[in-house]
Amino acid sequence: MSGIDERVDELNKKFLEFVSKPENVDAASKEIYEDLLDEVMMGFVFDVHRTVKTGSSDVEEGIPDDESYAIVDLPGLDVFGQQAIKKSQDCACPNCDRGVAACRFATHLEKCMGMGRNSSRIASRRIANSSKDLSTLSGVLSDDDDDVDWSLTNDKRKRRKDRNGLKKSKQSKSVHRNGDTGSAGGENNHTSNENSPSNYENMSVEDKRALLTQICGVVSEHTKKLCTRSMRCPQHTDDQRKDMRANLEATNNGHSNQDNLHVDVDTYEEGDGQNLRDALARWDLEVSSHSSPADSASTTSTSSSSRKRDSKSKGKGKGSKRDRGSPISQGD
Amino acid sequence: MKSAPHQRLVMVGDRDALKELLRLRLVECGWRDQVKIICKDLIKENGQDIAYDTLLSTVTSRARSLVPDSVKKELLQKIKNHLMAQEESLKS
Amino acid sequence: MSDHGCIHLNNFKAAKGIQPYKVIHSYFVTSTSTEARVRKAVSCLCHTCKTYKDRLHSCLHCIFFGCYSKGHIQEHAKTKKHFLAVDLCYGNILCFQCGDYVYDRELTAVAKSQWSQSARSLSLGEFYRAWEPTQVEADLLRKNPRRRRIVENSTIGLRGLINLGSTCFMNCIVQALIHTPLLRDYFLADRHHCPQPSRCLVCEVSHLFQEFYSGNKAPLTLHKLLHLIWTHARHLAGYEQQDAHEFFIATLDVLHRHCEAAPILVKDNPHHCNCIIDQIFTGGLQSDVVCQACNGVSTTIDPFWDISLDLGPTAGASGPDSSGPPTSLLDCLERFTRAEHLGSSAKIKCSNCQTYQESTKQLTMKQLPIVASFHLKRFEHSSIQDKKISTFIAFPEQLDMTPFMSHKRNGNNNTTIDSFPKNGEDTAFGDNRYSLFAVINHEGSLETGHYTAFIRQQRDQWFKCDDHLITRAKLKDVLTSEGYLLFYHKQILEYGKNSKV
């Protein structure tokens, strides 16, 4: 090895001598650059040469497509050379398999999946009517019927968006509607099914408890109503949900402060029952300190803090982190 | 003595890294694609039996001048910095 | 046309095996150790003229180095009848009898693995290698010779999306995702293997990519996608207009949940996995809280998918440091990563000195995602009135995130002028440059508005996506648009151990 070591020392000496002069450094930099460029270029050419010699380039080449996909750049036309007018199209609803006009698909799907503002009312109506045996309204309500409601509520819907954003306005709307005798149908929600959320006030404690294993249940300050989203509802925190249930137990015998509760059944889900019961059970056992990227939409606001670090998040929770900006985009 | 700077950079591994940087920049700015096109055109003219040397000499004459100035500047600066850094580390 | 070398090389291999090549390659081509590098530096010179350049080659038969440009290796070959040589730049084999370089699969494999080793020993990740098909892929390609090439000015990759009733928010997000280069590559390379195709959102997205790249010019309807999202993200469901940003986050969340579950990388955090969504979109946000009393720093790192930026005037601003409301993305990022003094009403218990103290808090980027998404908070709510902030915020085409990174911000510049990355730090030669590839805009007021998107195809072609209407756009149009969601893609990707791809 000493042979090598000697040569290394010699090299280092020569190097120091060389770089002591700044003009040498510049000249050397230039030369080294040129060498590197030569070598990189050689490498690129080798890549091509190799793929040609090994046949990969042929394999890659294949038979070109004969159709032209050239972009069209003419006024009044889109890039495909088509006119800029909307043609009507149909699609098959994945939920019910019916054919639906594409431009009304979202509306349809909402009702179809039982999520719309009207869905609960329609469902309640259905239940109420089937038990009263009114032939005209039994079975599936036609889409047209719903559309009438739709346009009415659209007009009324002047975004009363409060701090908790988009969903709340949905709930507030039903306040209008329920008290509004002018709406189509005019059925009264409250005569519906005994243990449904709309009848919360009159339910027994056991039933309330049962209900609260299925829905978020937090009372909105603004609308005084229970949130009927799932237990994973991002708008409210686990603490709030716990409080709510604790409240129920505490005022079990006494007079509850739930007199003014008005329940919106928009988002009540049947299916989540077991999962949600499990979730509730787990709360007492673990405090999750993990943040998910879906939780932490970063914000400059220092008053909001992630769930992980500050457990006293005072009802802001995820809601404050996620921008509740909900610009309305009306369709066409 | 003239080969000393080159040799020193090889020894400490900097040369490989600098070469990789240059390569990345030349891919990023599309120069490599230009080289590929020149090659492919040549192959179309002369057939697939073409020798490496032919490809290289054609590319050298046509593509070398197409390297963007910004790439050259960046590399020159980095090379110089590394030479100086080596000087420092040897002196200490 | 083969990768089986030539008869001359095969004869040599039969006689001497692959060892001579291996040794030459490991010492003089790649240098996988310090010792090898020293040896290379000192002895890689032409035996005839002592040059280190001019396409130096090593004889494969004996110990001789000769340069090519001046003919010294050729001389050696002729005189000694040693007709095989190895180029010392890349390890390719020159056969003098064939008169050209020849390629041998076995030796190529040897070379590849040594390059990997070398890159690792330099902490460079992996040397970049252009893609070449494997045997299986080559067979597939041969059996299916028709090719669809995306050439300049091609509509492939573009398709309109029908509005399903106020679903322009969804259309825009889909356009942005479809035009996310890495995501596109993942799906077109068919990387998603699904245990449950019928209800899988990732599968549906995969179909969408196929549709977008099919060359079909008719607009698509995203009815299946909408149904899947509403099924898996209940809180979003409902006809009412959604916020595009909220939809974006929810979509990533559902995709992430549906992606093949890979082993959990970050201990104790079940939300950080290795799926394609995490690989592309997840970054790490570092929060440093400094106790004013003892200067103890409490650091946490949270994952993020996007950065939401305030647009209003700085709260409680005073003094020379504060300025008016931000007018550019850089302003916003500056403000976002600025150290903030948390007032006396927000004292935090310091774990170091065990008292409640005032503190400063600073957010910086610890780890940048490959796709950086920015959300300009243009929509404000109050109990009185909701409003939209429409001020113009300038955003650049190219964005350098270096000033906002943790190591830069915290002032610990432990990097020398341009030291090479160690231990897989997210800076390949300190490169944190991003380029804009999608912009989602909201036009109109809060009540009656409409979302449109600008997306970039190929290197510099921009298009406006207005539901089913796709038209060409100029970069100027993009940069002067209002901007609500901005999507940037990292320019330089790393490969290998610390890389994501």
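An unreviewed UniProt entry lists chain C under the name Ubiquitin carboxyl-terminal hydrolase, with Neodiprion lecontei given as the organism. Recorded in UniProt under Catalytic activity (unreviewed entry), the annotation for chain C is "Thiol-dependent hydrolysis of ester, thioester, amide, peptide and isopeptide bonds formed by the C-terminal Gly of ubiquitin (a 76-residue protein attached to proteins as an intracellular targeting signal)." The heading Subcellular location (unreviewed entry) in the UniProt record of chain C holds the text "Nucleus".

Going by the annotation in an unreviewed UniProt entry, the name recorded for chain B is Enhancer of yellow 2 transcription factor, with Neodiprion lecontei given as the source organism. UniProt's Subunit (unreviewed entry) comment on chain B is quoted here verbatim: "Component of the nuclear pore complex (NPC)-associated TREX-2 complex (transcription and export complex 2). Component of the SAGA transcription coactivator-HAT complex. Within the SAGA complex, participates to a subcomplex of SAGA called the DUB module (deubiquitination module)." For chain B, the Sequence similarities (unreviewed entry) comment in UniProt is given as "Belongs to the ENY2 family."

**Focus: the pattern of salt bridges**
If you walk through the whole model with that rule in mind, you get 34 salt bridges over all chains. A salt bridge links aspartate 35 of chain A to lysine 53 of chain C; the nearest nitrogen and oxygen atoms lie 3.1 Å apart. Pair noted here: aspartate 35 of chain A is in helix α2 (residues 22-53) and lysine 53 of chain C is in the loop between α3 (34-43) and β1 (56-59), and the two residues belong to different chains. For arginine 159 of chain C, the salt bridge goes to glutamate 211 of chain C, with nearest N and O atoms at 2.6 Å. Placement of the pair is arginine 159 of chain C in the loop between β6 (146-147) and α7 (168-178) and glutamate 211 of chain C in helix α9 (residues 201-212), with a sequence separation of 52 residues. In this structure glutamate 211 of chain C comes out as partly exposed when scored by relative accessible area, which is 32%. When salt bridges with common partners are traced through the structure, they connect Lys30, Glu34 and Asp38 of chain A together with Arg64 and Lys72 of chain B into a single cluster.

**Quick notes on the packing of α2 of chain A against helix α5 (residues 69-91) of chain B**
Taken N-terminus to C-terminus, the directions of α2 of chain A and α5 of chain B make an angle of 125°; their axes are 9 Å apart at the nearest point. It follows from the interaxial angle that α2 of chain A and α5 of chain B lie oblique. Along this stretch, α2 of chain A crosses α5 of chain B, giving a crossing that reads as right-handed. Contacts from Val25, Asp26, Ala28, Ser29, Lys30, Ile32, Tyr33, Glu34 and Leu36 of chain A of α2 of chain A reach α5 of chain B at Lys72, Leu75, Leu76, Ile79, Lys80 and Leu83 of chain B. For the contact of α2 of chain A with α5 of chain B, the class distribution of residues is nine nonpolar, one polar and five charged.

**Observations concerning the packing of aromatic side chains**
Overall, the coordinates contain 16 aromatic pairs over all chains when judged by the stated rule. Geometrically, the ring pair formed by phenylalanine 187 of chain C and phenylalanine 209 of chain C is stacked, given 5.1 Å between the ring centres and 15° between the ring planes. Remark: phenylalanine 209 of chain C occurs in helix α9 and phenylalanine 187 of chain C occurs in helix α8 (residues 181-188); sequence separation between them is 22 residues. You'll find phenylalanine 187 of chain C and phenylalanine 209 of chain C in the same group, each marked buried. One aromatic cluster is present, built from ring pairs that chain together Phe46 of chain A, Tyr52 of chain B together with Tyr90 and Tyr101 of chain C. Above the plane of the ring of tyrosine 90 of chain C lies lysine 19 of chain B, whose end atom (NZ or CZ) is 4.5 Å from the centre. Above the plane of the ring of tyrosine 68 of chain C lies arginine 55 of chain C, whose end atom (NZ or CZ) is 4.2 Å from the centre.

**Notes on the sheet that holds strand β2 (residues 65-67) of chain C**
Read across the open sheet, the five strands follow the order β2-β1-β3-β4-β5 (chain C); overall the sheet is antiparallel. At either end of the open sheet lies a strand with only one pairing partner, and these are β2 and β5 (100-102) of chain C. In this sheet, adjacent strand axes meet at a mean angle of 40° when their direction is disregarded. As paired strands, strand β3 (residues 84-87) of chain C and strand β4 (residues 93-95) of chain C are joined by three bridges and run antiparallel to one another. Note that in β4 of chain C the partner of alanine 85 of chain C across the bridge is leucine 94 of chain C. Packed on one face of the sheet, α2 of chain A meets β3 and β5 of chain C and runs near 70° to β5 of chain C.

**Some thoughts on α5 of chain B**
When the terminal C-alpha atoms of α5 of chain B are compared, their 33 Å separation across 23 residues agrees well with the 33 Å that a helix rising 1.5 Å per residue should span. Among all positions of α5 of chain B, only Val71, Leu75, Lys78, Ile79, Asn81, His82, Leu83, Gln86 and Glu87 of chain B are buried. Here the buried face of α5 of chain B lies against α1 (2-19) and α2 of chain A together with α1 (4-12) and α2 (14-28) of chain B.

**Quick word on the sheet that holds strand β13 (residues 359-367) of chain C**
Residue and element names in this part refer to chain C. If you trace the four strands from one edge of the open sheet to the other, you get β8-β7-β13-β10, paired in antiparallel fashion. The open sheet is flanked by β8 (297-304) and β10 (340-342), the only strands paired with a single partner. Sheet twist, expressed as the average angle between the axes of neighbouring strands with direction ignored, equals 30°. Here β10 pairs with β13 via three bridges, running antiparallel. Within β13, the position partnered with leucine 342 by the bridge is serine 359.

**Here's the deal with the interface of chain A and chain B**
It is common to give the size of an interface as the accessible area that goes away when the parts come together. Facing the 37 residues of chain A at the interface are 43 residues of chain B. In this assembly, chain A packs against chain B so that about 4,000 Å² is buried in total across both faces, 74% of it on carbon and sulfur atoms. Summed over the three residues of chain A that lose the most area to chain B, namely Phe15, Tyr33 and Phe44 of chain A, the buried surface amounts to 18% of that side. The partner of arginine 15 of chain B in a salt bridge is glutamate 39 of chain A, and the shortest N-O contact between them spans 2.8 Å. The interface formed by chain A and chain B includes 10 residue pairs in polar contact (both at pLDDT 80 or more). Elements with a minimum of two residues in the side of chain A that touches chain B: α1, α2 and α3 (56-61) of chain A. It is α2 of chain A that contributes the most residues to the side of chain A that touches chain B, 25 residues altogether. Classifying every residue of the side of chain A that touches chain B gives 20 nonpolar, five polar and 12 charged.

**Here's the deal with the packing of helix α3 (residues 31-46) of chain B against helix α4 (residues 52-63) of chain B**
Residues and elements named next belong to chain B. Running from N to C, α3 and α4 point in directions that differ by 130°, and their axes come no closer than 10 Å. Judged by the inter-axis angle, α3 sits oblique to α4. For the pair α3 and α4, the sense of crossing is right-handed. Here Trp31, Val35, Ile38, Cys39, Leu42 and Ile43 of α3 lie close against α4, whose contacting residues are Thr54, Leu55, Thr58, Val59, Arg62 and Ala63. Its residues placed into classes, the contact of α3 with α4 shows nine nonpolar, two polar and one charged.

**Comments concerning α4 of chain B**
Taking 1.5 Å as the rise per residue, α4 of chain B with 12 residues should run 16 Å; its terminal C-alpha atoms sit 16 Å apart, in good agreement. Buried residues in α4 of chain B make contact with α2 of chain A, α3 of chain B together with β5 of chain C.

What counts, and at which threshold
- Residues numbered from 1 in each chain as written.
- Chains lettered and ligands numbered in written order.
- Predicted model: local features only at pLDDT ≥ 70, side-chain atom pairs only at ≥ 80, totals over all residues.
- Heavy atoms only, no water.
- UniProt positions renumbered as here; feature names shortened; annotations may be inferred.
- Salt bridge = Lys/Arg side-chain N within 4 Å of Asp/Glu carboxyl O.
- Helix = DSSP H or I, 4+ residues; strand = E, 2+ residues; numbered from the N terminus.
- Buried < 20%, exposed > 50% of the residue type's maximum accessible area, 1.4 Å probe, protein only.
- Axes fitted to C-alpha atoms, helices over the stretch in contact; angles between N-to-C directions.
- Parallel < 35°, antiparallel > 145°, perpendicular 65-115°, else oblique.
- Left-handed = near helix turned anticlockwise from the far one by under 90°.
- Contact = heavy atoms within 4.5 Å.
- Nonpolar A, V, L, I, M, F, W, Y, C, P; charged D, E, K, R; others polar.
- Phe/Tyr/Trp six-rings, centres within 6.5 Å; stacked < 30°, edge-to-face > 60°.
- Lys NZ or Arg CZ within 6 Å of the ring centre and 35° of its normal.
- Pairing = 2+ DSSP bridges.
- Expected span 1.5 Å × (residues − 1).
- Buried area = accessible area lost by both parts, 1.4 Å probe.
- Polar contact = N/O pair within 3.5 Å; in protein donor to acceptor, adjacent residues only side chain to side chain.

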